[in-house]
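Spelled out, the chains give:
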Amino acid sequence: MCGFCGFAGNEINSNIIYGMMEKIAHRGPDSDGTYFDNDIAIGFRRLSIIGLNGGEQPIFNEDKSLVLVFNGEIYNYRDLQAELKSRGHIFSTQTDSECLLHLYEEYSSNMLHHLRGMFAFAIYDINKKTLFAARDFFGIKPFYYGSSGDTFFFGSEIKSFTAHPNFTPQLNLDALAQYLTFQYSVLPETFFKGIFKLPPGHYLTYKDGFFETHRYFQPKFSLKEMTLEKAVEDLDAVLGDSIQAHMVSDVEVGAFLSGGVDSSIVAARFNGQRCFTVGFDYENYSEIAYAKELAQQIGLEHHPKTITTEEYWDALPKVQYHMDEPLADPSATALYFVSQEAAKHVKVALSGEGADEFFGGYNIYMEPLDLRILTALPMVARRILGKMASFIPFNIKGKNFFIRGSKTIEERFIGNAFIFTKKEREKLLKQDTAKNPQDLTAPIYREVAAEGLSGDDITKMQHLDIQLWLVGDILLKADKMSMAHSLEVRVPFLDKEVFKVASQIPTNLRVNRSGTKYTFRRAALRHLPKISAGRRKLGFPVPIRLWLRDDKYYSIVKEYFTGDTAEKYFNVVALLKLLDDHKTKRRDNSRKIWTVFMFLLWHKQYFAV
């Protein structure tokens, strides 16, 4: 796990790259390195995990015609190394990073199909003056690129670009509008105009000021008929294999442990010694007691951390700074603290991200089952019932059921978070010319239809979440919050071999009336107590609803809501109504308030004069 940055253009000043590298020093405190010529400058910060001696980067091939910077881990690198040696390639290190160079020599862009791991890397051909860069299959590692003026930028974090004199930060208002709906940065173009995220499963080529991207991998569900016993057997085997593959390291590996089955199964099977948990001293907002009990049962040394309210609020500016773009997910700060605790003891920690998206773990995936009585009706009848329900001037039980049932899955589901509708954000923003959120999700839904799964709403929802929610929220906060403390987080569920198995499990064996993540939980029963395998998902619960009704924190938010930045972008009267209605318990606006508040905090980190 490391970080890199670079730029190309007409003027290459070698001194600039050192300032850019300093911005991402937290990603790699162990060593640094540079490469530059008249056309490009590349910087690297290393967190040494594999090949502790001799793994410095940038790293070259045999004749020094190629130079690489790489962030991530290749778990099958030993097999690849053996194959490449048999083809005549000469290795000077025992690192996974050097395998990438020789694979590129051997297979060019097709090298990506040989990899098993998490990665973002860039290979520069010194003779041809071309850059080849790629991001892993599911977007575990970040990669940013784009232009400002005559300079092309690329790297692990946007903040490194801010150290370049040619980089002029300009807010992308379309990104702000969509963020208010999704709670994370969902567009290909980031909050910084001209800077983009390389999507998962894509590679990029750059030469002479021109760049283009290509897709090399697309996750597809290919459901097969199978028995529950077969599904459990296949899943149990591939999970065990992946967890062990993710233990490849020359340093100690720990594990995050929350109250859910995902992290519990990793902790139970990873054969490590330490696990780490955080919680709050509020009833129903801490899983420390459960994690402690499970740790004792499976023989792990447990390291808990109770986050105080003051600690949490003090960390918010740092969290938004490290995220690069605003994120309104309150659990990001919990991840910040569990990473901080883990980094005191280990350099690597395993975590349970991805299981919900692959195996159908979110409660919202039950909705298509709940709505079947309506969705079985003709669409005309559903529309009429929904219209009638919408005319009811007050909220009564069942009103929302008919409204949601009147819509197709494409109309009602944009992902796990839906904060502001387009109409709501138009009233809130001074300028909103962005598309409807459904316009962003429509192409992804069409992909599912093209795969012959158009009648399966649950699979559609999972497919959408893998493409958007998993990448833009879950994985990004895992990377940025862990690397803020120089900790590598590995996610064994997000393995392409695991997905091969997950993608074949029939829908009724993923989500049914017995609950979510059905096959996964049955597989977990082989390794966990029954209460653990079936435990309801909480997912780092954070008491923001309570805090925003407390005078102290209400006042802090109100100061931001009436400040110059809020006045520039928002209807302040509408903001204050959201805040006051929540304070007086007229309604729970906590998620809406938090979404705006996190943007204002982030804006202060990057745009304050």
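Let me begin by describing the structure that accompanies this report. No experiment lies behind these values; they were computed from the predicted model shown. (Residues numbered from 1 in each chain as written. Predicted model: local features only at pLDDT ≥ 70, side-chain atom pairs only at ≥ 80, totals over all residues. Heavy atoms only, no water.)

### Let's talk about the pairing of strand β12 (residues 210-215)
Looking along a regular strand, one sees the side chains alternate between the two faces of the sheet.
Argument step 1. By the bridge criterion, 6 bridges tie strand β11 (residues 202-207) to β12 in an arrangement that is antiparallel. Looking at the pairing, T205 lines up with E212 of β12.
Argument step 2. Hairpin connection, β11 to β12: the antiparallel pair is bridged by 2 residues, and D208 has positive phi, about 55°. (Pairing = 2+ DSSP bridges. Helix = DSSP H or I, 4+ residues; strand = E, 2+ residues; numbered from the N terminus.)

### Overview of the side chain of K496
Argument step 1. With respect to the helices, strands and loops of the structure, K496 is situated in helix α20 (residues 496-502).
Argument step 2. Put simply, K496 is tucked away with no salt bridge, and the nearest opposite charge, on E497, sits 5.1 Å away.
Argument step 3. In terms of polar contacts, K496 uses its side chain to reach the backbone carbonyl oxygen of H113, at 3.1 Å.
Argument step 4. There is a polar contact of 2.7 Å between the side chain of K496 and the backbone oxygen of L115.
Argument step 5. When sequence neighbours within four positions are dropped, the list of residues in contact with K496 reads H113, H114, L115, R116, F137 and F138. (Buried < 20%, exposed > 50% of the residue type's maximum accessible area, 1.4 Å probe, protein only. Lys, Arg positive; Asp, Glu negative; His and termini not counted. Salt bridge = Lys/Arg side-chain N within 4 Å of Asp/Glu carboxyl O. Polar contact = N/O pair within 3.5 Å; in protein donor to acceptor, adjacent residues only side chain to side chain. Contact = heavy atoms within 4.5 Å.)

### Thoughts on the pattern of salt bridges
Argument step 1. Enumeration over the complete set of coordinates arrives at 46 salt bridges.
Argument step 2. Between D324 and K159 there is a salt bridge, with the nearest N and O atoms lying 2.8 Å from each other. Of the two residues, D324 sits in the loop between α8 (309-323) and α9 (331-343) while K159 sits in the loop between β9 (151-155) and α4 (173-182), which places them 165 residues apart along the sequence. Of the two residues examined, D324 and K159, each falls in the buried class.
Argument step 3. A salt bridge links K305 to E311; the shortest N-O distance between them is 2.8 Å.
Argument step 4. Overlapping salt bridges bring together R27, K141, E157, K159, D324, D479 and K480 as one network.

### Comments concerning the packing of aromatic side chains
Argument step 1. The final tally for this structure, using the stated rule, is 56 aromatic pairs.
Argument step 2. Note on F119 and F137: the rings are 5.6 Å apart at their centroids and 80° apart in plane angle, and the pair reads as edge-to-face. Of this pair, F119 sits in strand β6 (residues 117-125) while F137 sits in the loop between β7 (130-135) and β8 (144-148), and the two are 18 residues apart along the sequence.
Argument step 3. The lysine or arginine in question, K583, covers the ring of Y554, its NZ or CZ lying 5.3 Å from the ring centre. (Phe/Tyr/Trp six-rings, centres within 6.5 Å; stacked < 30°, edge-to-face > 60°. Lys NZ or Arg CZ within 6 Å of the ring centre and 35° of its normal.)

### Concerning the layout of surface pockets
Argument step 1. Estimates place the volume of the second largest pocket at around 610 Å³.
Argument step 2. The wall of the second largest pocket is formed by 31 residues, among which V186, P199, P200, Q467 and L468 lie closest to the centre.
Argument step 3. Those elements that provide at least two residues to the lining of the second largest pocket are α17 (437-450), α18 (457-467) and α19 (469-483).
Argument step 4. When grouped by side-chain class, the residues that make up the lining of the second largest pocket number 21 nonpolar, 5 polar and 5 charged. (1 Å grid on protein atoms, 1.4 Å probe; cavity = no way out; pocket = protein on both sides within 12 Å on 5 of 7 lines; lining within 4 Å. Points joined across faces, edges and corners; volume = space filled by probe spheres on them. Nonpolar A, V, L, I, M, F, W, Y, C, P; charged D, E, K, R; others polar.)

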